[in-house]
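# A closer look at the structure
Take a look at the letters that make up each chain.
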Amino acid sequence: MGKRDRQGPRPAYVTLRDLPGTRLMFWVVDECPYCAGRHLHPAGNLRTADPGERLGEQPTPCDPTRTYELQLPPRPKKKSGKQARRKERREGRGLGLDWDDE
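Throughout what follows, the structure given in this document is the object of discussion. Predicted, not measured: the structure shown is a model, and the values here were computed from it.

Per the secondary structure count, the chain includes one helix and five strands. The secondary structure elements of the chain, listed N-terminal to C-terminal, are β-β-β-β-β-α. Put simply, the chain has 102 residues, and 16% of those count as buried. For the chain, the exposed surface amounts to about 8,800 Å²; the carbon and sulfur share of it is 49%.

Our next topic: the side chain of His 39. Within the secondary structure, His 39 is located in strand 3 (residues 39–45). We classify His 39 as buried; its relative accessible area is 9%. Setting aside chain neighbours within four positions, we find His 39 in contact with Trp 27, Val 28, Val 29, Cys 32, Pro 61, Cys 62 and Tyr 68.

Let us look at the side chain of His 41. Inspection of the secondary structure puts His 41 in strand 3. Residue classification places His 41 among the buried residues on the basis of a relative accessible area of 8%. Within polar-contact distance, the side chain of His 41 engages the side chain of Tyr 68 at 2.6 Å. Residues within four places of His 41 in sequence aside, it is in contact with Met 25, Phe 26, Trp 27, Val 29, Gln 58, Pro 59, Pro 61, Tyr 68 and Leu 70.

So, about the sheet that holds strand 5 (residues 67–71). As summarised here, the arrangement of the five strands in space is 3-2-1-5-4, forming an open sheet in which the pairing is mixed. Whereas interior strands pair on both sides, the edge strands pair on one side only; in this sheet they are strand 3 and strand 4 (56–59). Neighbour-to-neighbour, the strand axes of this sheet turn through a mean angle of 40°, independent of strand direction. As judged from the four bridges shared by strand 4 and strand 5, these two strands associate in the antiparallel manner. Opposite Gln 58, over in strand 5, you have Tyr 68 as the bridge partner.

Moving on, we get to the pairing of strand 2 (residues 24–29). Bridge analysis of strand 1 (residues 10–18) against strand 2 gives five bridges, and the strand direction is antiparallel. Paired with Thr 15 across the two strands is Val 28, which belongs to strand 2. Taking the residues between adjacent antiparallel strands as the criterion, strand 1 and strand 2 are bridged by five residues, where Gly 21 takes a positive phi near 85°. Direction of pairing for strand 2 relative to strand 3: antiparallel, over a ladder of six bridges. If you follow Met 25 over to strand 3, its bridge partner there is Gly 44.

Basis of the calculations
Residues numbered from 1 in each chain as written. Predicted model: local features only at pLDDT ≥ 70, side-chain atom pairs only at ≥ 80, totals over all residues. Heavy atoms only, no water. Helix = DSSP H or I, 4+ residues; strand = E, 2+ residues; numbered from the N terminus. Buried < 20%, exposed > 50% of the residue type's maximum accessible area, 1.4 Å probe, protein only. Areas by Shrake-Rupley, 256 points an atom, 1.4 Å probe, with all protein chains shown as cover. Contact = heavy atoms within 4.5 Å. Polar contact = N/O pair within 3.5 Å; in protein donor to acceptor, adjacent residues only side chain to side chain. Pairing = 2+ DSSP bridges. Axes fitted to C-alpha atoms, helices over the stretch in contact; angles between N-to-C directions.

Read these as spatial facts, not as claims about activity.
Put into structure tokens, the structure is as follows:
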């Protein structure tokens, strides 16, 4: 049996949003891994709740027999620093590429 045949919970990336005019927060799944729809999961009160407690395995609203794991999206990688870019430029000069050679 391959990894794709397993029926474990799939990851669902979420963003935290509040409901305007209220103190309620929701985790929003923009794209469900099963139905590609948008789902909302209550995260608690804006002032007293810790929304991180609601992350983890949750049943899907589109099919309550299935579950997915609510996760924060991965952070993008940092760009290389200024020193690294300078080093790359210096190394590029040593390759013998001149504009006059054309």
